[in-house]
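The primary structure of each chain is shown beneath.
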Amino acid sequence: MSREATAAPTGASAKARLRAIGDVARNPLRAAAASGVAGGVLVLPQAALIAACLQRALVDHAPPATLLPLLLALLATLLLRAGLAWAGRRLADRAVETIRIDLRARIARGLVARGPVWVRSQQSGALAERMGAHVDALEGYFGGFVPLRAEVVGVPLAILLAAFFVDRTVGLVLLLTMPLVPIFMMLVGWGAQAASQRQLQALTRMGGHFADRLRGLGLIRLYGRGDAELQGIRAAAEELRVRSLRVLRIAFLSSAVLEFFASLSVAMIALYLGLSYLGMLDLRATPLTLGMGVFCLLLAPEFYAPLRRLATHYHDRAAALAAMDEIAMVLEDDVPVVTDDGVGTSDASAPLVSARGIALRHPAATHDVLRDITLDLGRDQHVALTGASGDGKSTLLEALAGWLPVHSGSLQRAPGLRIGYAPQRPFLFAGTLRDNLRMAKADASDAELEQAAEAAQVMRFAARLPDGLDTVIGERGFGLSGGEARRVALARVFLRDPDLLLLDEPTAFLDPDTEAAVLLAILRFAKGRGVLMATHSDAAQATMMQVWHVRDGRLHRGRHAP
Ligand SMILES: Nc1ncnc2c1ncn2[C@@H]1O[C@H](COP(=O)(O)OP(=O)(O)OP(=O)(O)O)[C@@H](O)[C@H]1O
């Protein structure tokens, strides 16, 4: 039997999750970082070659032809650096694309695993934001920040060593100013993550708000609420603007801090070199040549260049951490899992589903809709489920179908059980009726589709449509009546060839004639299968062997067929 069990949330931090997500593109990310470091270190020969050219041309007065090899080597270095930068960019882009695709797939799997009841409890616009804008918010982190991390360590270290080698004072200035930069960046970064999180939450809220209002546009017009709703959208957009500006302010501040320290230390080096040339400062054992000075001056800004680039991506890290917290809500990792405990039996008399003392509660609700439900449903057991509106019939069907995890107790299903569930509000996609039916069985032949449509009385209305089953219907079944949409859902159940049919008011909205035909089709199809049918219809109840009632949160057994 399969059993529903709740997996403990992993509770992983956003940082650990980001690391795990980056694992799918570990190699391109490493290669991008390596080309960044190589390109950065090449600044040493580049500066050395420029310095040597100037020394020979201006101080040694060497003939121009002798400079040619140096100039060619310089050109080769520049080309190599450009090539490495291009390759690094390509690799980082490829890594970002891989991560994006993988993450979106994981979010989709998370949504599927959480089930339609959970998804229904969320704002669809907010979910779309998590899949769209929030995933895109990781681009700057993986495409910019991550490859730069290695560069920030490797390149300044190489430059520092070279500077010490040429002039100890210059090396010392670089060494002393270096720690100031990360310290200030960290101070700024503390506020950045919280601000990014608030910005993303505002974005989620606005997306959710907007998508909801768009869907209910007809209703908004009907009740003349257009202006009031516009105010709501304006307020959500204003909140987003304020929070985005706060994030930008922090980003600019961190860049300004860095620029300040970088400029200050370059100025200190320039001052030291100038004073040395003028003979006003003498800290060296040997005289300072023009080439040495140029080399140091060229290297000084390059020393801070990776850090400056990292600073521009520093708020990307904060944004990525904030986005990760939002995305984690819909990832697959923390979803209750259905495990197979292997106690099932192929015995035809064994129940298809078996519940022991289950309590059912909707996500975010504070009380159980149903409690202490114990039931077995076997093959050839046909049960009508009745009860007052809102007493929990649909809730029980959703739990048996696996859409709603049980709150407590145990629910077991026979291994490999095929369930056909026709919900009260079936979801129909924009497309042809035929496409909508084929969802239940992708490889169904046209004959199979037509047979299922005929049995579920879909052909009664489809035959009158201009293109029959090839008629295009709108999103959520636009263009079909409530009764017609339910018959499409029933045809899907027939196509699925299930062991257990869970039908939620399949004959609601139908005229007595069509209802009788639908009930007959269900009965014919139900042979050798289990059926639980929620219904308010006396005619539907009369066709079932047993009637179960839900009342006051409990299940009561009723009539048995003779
Ligand atoms: N997503 C949800 N969150 C919180 N409560 C919910 C949610 N969905 C349904 N409920 C509540 O659960 C209770 C049972 O609802 P359910 O749809 O199962 O009733 P029902 O017996 O099928 O009603 P009907 O005959 O009108 O279809 C109702 O009080 C309803 O308000």
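Procedures and definitions
Residues numbered from 1 in each chain as written. Predicted model: local features only at pLDDT ≥ 70, side-chain atom pairs only at ≥ 80, totals over all residues. Heavy atoms only, no water. Helix = DSSP H or I, 4+ residues; strand = E, 2+ residues; numbered from the N terminus. Rg over C-alpha atoms; globule rule 2.2 N^0.38 Å. Buried < 20%, exposed > 50% of the residue type's maximum accessible area, 1.4 Å probe, protein only. Lys, Arg positive; Asp, Glu negative; His and termini not counted. Charge placed at Lys NZ, Arg CZ, Asp CG, Glu CD. UniProt positions renumbered as here; feature names shortened; annotations may be inferred. Salt bridge = Lys/Arg side-chain N within 4 Å of Asp/Glu carboxyl O. Phe/Tyr/Trp six-rings, centres within 6.5 Å; stacked < 30°, edge-to-face > 60°. Domains from an automatic or database assignment. Buried area = accessible area lost by both parts, 1.4 Å probe. Nonpolar A, V, L, I, M, F, W, Y, C, P; charged D, E, K, R; others polar. Near = heavy atom within 4 Å. Polar contact = N/O pair within 3.5 Å; in protein donor to acceptor, adjacent residues only side chain to side chain. Contact = heavy atoms within 4.5 Å. Patch = residues over 30% accessible without salt bridge, like charges linked within 9 Å, V, L, I, M, F, W, Y side chains within 5 Å. Areas by Shrake-Rupley, 256 points an atom, 1.4 Å probe, with all protein chains shown as cover. Expected span 1.5 Å × (residues − 1). Core = buried A, V, L, I, M, F, W, Y, C linked by side-chain atoms within 4.5 Å.

Trainee: Just give me the short version of the overall build of the protein, but keep the residues and values in it.
Mentor: Secondary structure summary: the protein contains 18 helices and 13 strands in total. Its C-alpha atoms give the protein a radius of gyration of 34 Å, clearly above 24 Å, the size a compact globule of 562 residues would have. Principal-axis analysis of the C-alpha atoms places the extent of the protein at approximately 115 × 60 × 45 Å. The buried share among the 562 residues of the protein stands at 47%. Of the charged side chains in the protein, 60 are positive and 53 negative, and the gap between their average positions amounts to 4 Å.

Trainee: How would you sum up the UniProt feature "transmembrane region" (unreviewed entry) in the protein? Please name residues and give values.
Mentor: According to UniProt, the positions carrying the feature "transmembrane region" (unreviewed entry) are residues 36-59, 65-84, 148-166, 172-192, 250-273 and 285-305. Annotated as residues 250-273, this span is 100% helix and 0% strand, and its ends, taken at the C-alpha atoms, are 35 Å apart.

Trainee: Give me the side chain of Lys 393: which residues, what numbers.
Mentor: Structurally, Lys 393 is set in helix 12 (residues 393-401). Nearest to the buried, unbridged Lys 393 among oppositely charged side chains is Glu 505, at 4.9 Å.

Trainee: Please give an account of the packing of aromatic side chains that cites residues and values.
Mentor: Ring pairs (aromatic) are described by centroid distance and by the angle formed between their planes. Inspection of every chain in the model, using the stated rule, returns six aromatic pairs. Arranged with centres 5.6 Å apart and planes meeting at 15 degrees, the rings of Tyr 141 and Phe 145 form a pair that is stacked. Taken together, the residues span about one helical turn, with Tyr 141 and Phe 145 both in helix 6 (residues 139-166) at a distance of four residues. For the pair formed by Tyr 141 and Phe 145, the shared burial category is buried. On the basis of an interplanar angle of 85 degrees and a centroid distance of 5.0 Å, the ring pair of Phe 303 and Tyr 304 is categorised as edge-to-face.

Trainee: Summarise the domain arrangement of the protein; cite the residues concerned and give the values.
Mentor: What the domain assignment reports for the protein is domain 1 (11-197 + 239-328) and domain 2 (343-560). Placing a centre on the C-alpha atoms of domain 1 and another on those of domain 2 gives a separation of 58 Å. Taking both sides of the interface into account, the surface hidden between domain 1 and domain 2 amounts to around 500 Å²; carbon and sulfur atoms contribute 67%. Applying the counting criterion to the domain 1 and domain 2 interface returns zero salt bridges. Partitioning the side of domain 1 that touches domain 2 into residue classes produces three nonpolar, two polar and two charged.

Trainee: Account for the site of the ligand, naming residues and giving values.
Mentor: As a structural note, the neighbourhood of the ligand is formed by 13 residues, with Ser 389, Lys 393, Ser 394, Thr 395 and Gln 424 the closest of them. Between His 362 and the ligand, the recorded distance is 3.4 Å, taken from a side-chain N or O atom to a nitrogen atom. The separation between an oxygen atom of the ligand and a polar main-chain atom of Gly 390 is 2.8 Å. Residues that form the shell around the ligand fall into these classes: two nonpolar, eight polar and three charged.

Trainee: Lay out unusual backbone geometry with the relevant residues and their values.
Mentor: With the exception of glycine, most residues fall at negative phi, and the peptide bonds are largely trans. In this structure, Asp 497 takes a positive phi of about 55 degrees despite not being glycine. Within the secondary structure, Asp 497 sits in the loop between helix 16 (482-496) and strand 10 (500-504).

Trainee: Pulling in residues and values, what's your account of the environment of Leu 180?
Mentor: By secondary structure assignment, the location of Leu 180 is in helix 8 (residues 180-215). Looking at Leu 180, the relative accessible area reads 32%, which means it is partly exposed. When the C-alpha atoms of Leu 180 and Phe 261 are compared, they prove to be 7.7 Å apart, with 81 residues separating the residues in sequence.

Trainee: Could you give me a rundown of the environment of Met 178, with the residues and numbers involved?
Mentor: Take Met 178: it is sitting in the loop between helix 7 (168-177) and helix 8. Along the chain, Met 178 and Gly 416 lie 238 residues apart, while their C-alpha atoms are 63 Å from each other. Apart from residues no more than four positions distant in its own chain, Met 178 is found in contact with Pro 156 and Phe 303.

Trainee: Go over a nonpolar patch on the surface, please, and point to the residues and values.
Mentor: Nonpolar side chains collect at one region of the surface, where Leu 68, Leu 71, Leu 72, Leu 75 and Leu 79 lie side by side and expose about 500 Å² of accessible area between them. Position of Leu 79 relative to the elements: it lies in helix 4 (residues 64-120).

Trainee: Describe helix 16, naming the residues involved and giving the relevant values.
Mentor: With 15 residues, helix 16 extends 22 Å between its outermost C-alpha atoms, agreeing within 8% with the 21 Å of an ideal straight helix rising 1.5 Å per residue. Counted residue by residue, helix 16 has 13 buried out of 15 residues, so it is predominantly covered. Looking one or two places after helix 16, you find Asp 497, whose phi comes out positive at around 55 degrees.

Trainee: Go over the nonpolar core, please, and point to the residues and values.
Mentor: Residues Val 458, Phe 494 and Leu 503 are the most contacted members of the largest nonpolar core, which totals 39 residues. Of all the elements in the fold, those that place two or more residues in this core are helix 13 (433-438), helix 14 (446-455), helix 15 (459-462), helix 16, strand 10, helix 17 (512-525) and strand 11 (530-534). It is helix 16 that contributes the most residues to this core, eight residues altogether. The next biggest cluster of nonpolar side chains, apart from the first, holds 36 residues, and it includes Ile 21, Leu 29, Val 152 and Met 324.

Trainee: Give me the pattern of salt bridges: which residues, what numbers.
Mentor: Per the counting criterion, the structure on display carries 21 salt bridges. Close ionic contact of Arg 100 with Glu 97 constitutes a salt bridge, the shortest N to O distance being 3.2 Å. Here the residue Arg 100 and the residue Glu 97 both occupy positions in helix 4, the gap between them amounting to three residues, near one helical turn. For Arg 100, a relative accessible area of 16% translates into the label buried. Across the salt bridge formed by Glu 239 and Arg 243, the nearest N and O atoms sit 3.2 Å from each other. Taken together, the positions of Glu 239 and Arg 243, both in helix 10 (residues 226-278) and four residues apart, correspond to about one turn of that helix. Residue Glu 239 is classed as partly exposed on the basis of its relative accessible area of 25%. The network of salt bridges with common partners includes Glu 97, Arg 100, Arg 104, Asp 136 and Glu 139.

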